[in-house]
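# Structural overview
Listed here are the chains, written in short residue letters.
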Amino acid sequence: MKNKEYKEKRDFSKTDEPKGANGKSENHEPIFVIQKHDASHLHYDFRIEIDGTLKSWSVPKGPSTDPSEKRLAVPTEDHPLEYADFEGVIPEGQYGGGTVMIWDKGTFKNLKKDDKGKPMSLKKSFEEGTVEIYLKGEKLQGGYALIKMKSGTMKGNWLLIKMEDDKADARRNPINTEKKSVITGRSLEEIKKEDPE
Ligand code: MN
């Protein structure tokens, strides 16, 4: 366990000091965030909490609610958990320069089971390239699979696919119909205007 001594000395029901990433993973449902990012190319950054960090993918077309739509998800670097609260403008010329909106946010459950039907840890399913999670967001709910491609020209990239369940809906298109921040209700243009570089 990380920060064992730090945690043993404190009662986190009484102090507002940070519990540390490991404490958060143990005691809370993991979080996810989808950040709409108007950088050199508009894309959606899909991030899920695994082992105290945000595992991240860049999804050019954004997530779909239609199980027949497989969306390319290009892996990017881990981000700190605190990044899930970031909405604003990254200055031009900086890495990822452009406007970032919190398009959806919430918690999720791990759905992945092994061949024997036993629950598989998020860490292991990430390493094996078959993550299955149940999102509890405001715009997106239900099962989503992230599958790593292991051969061919797309090797190393992943696919983000809506799983078949009662939240699957081929008629919905939240990327086009729900364009505002779930935190502030702002559009990309409003964020850019209000958070000048
Ligand atoms: Mn990005």
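Scroll up for the structure.
Residues numbered from 1 in each chain as written. Predicted model: local features only at pLDDT ≥ 70, side-chain atom pairs only at ≥ 80, totals over all residues. Heavy atoms only, no water.

The secondary structure content of the protein chain amounts to five helices and nine strands. Residues counted as buried form 43% of the 197 residues belonging to the protein chain. Counting only contacts in the protein chain whose residues sit at least 6 apart along the sequence, the fraction spanning at least 24 positions is 55%. Looking at the protein chain as shown, the accessible area adds up to about 11,200 Å², and 49% of this sits on carbon and sulfur atoms. (Helix = DSSP H or I, 4+ residues; strand = E, 2+ residues; numbered from the N terminus. Buried < 20%, exposed > 50% of the residue type's maximum accessible area, 1.4 Å probe, protein only. Contact = heavy atoms within 4.5 Å. Areas by Shrake-Rupley, 256 points an atom, 1.4 Å probe, with all protein chains shown as cover.)

In ideal tetrahedral geometry, four donors around a metal make angles of 109.5 degrees, whereas ideal octahedral geometry with six donors gives angles of 90 or 180 degrees. Looking at the manganese ion, the protein donor atoms are His 37 (ND1), His 43 (NE2) and Asp 45 (OD), and they sit 2.1 to 2.3 Å from it. Spacing between the donor residues of the manganese ion along their common chain follows H-x5-H-x1-D. (Donors = N, O, S within 2.8 Å, 3.2 Å for Na, K, Ca; no water.)

Counting buried residues along strand S2 (residues 42-50), eight of its nine residues qualify, which places the element largely inside the surrounding structure. With seven bridges connecting them, strand S1 (residues 31-38) and S2 associate as antiparallel partners. Across the sheet, residue His 37 finds its bridge partner in S2, namely His 43. The turn joining S1 and S2, which pair antiparallel and follow one another in sequence, is formed by three residues. (Pairing = 2+ DSSP bridges.)

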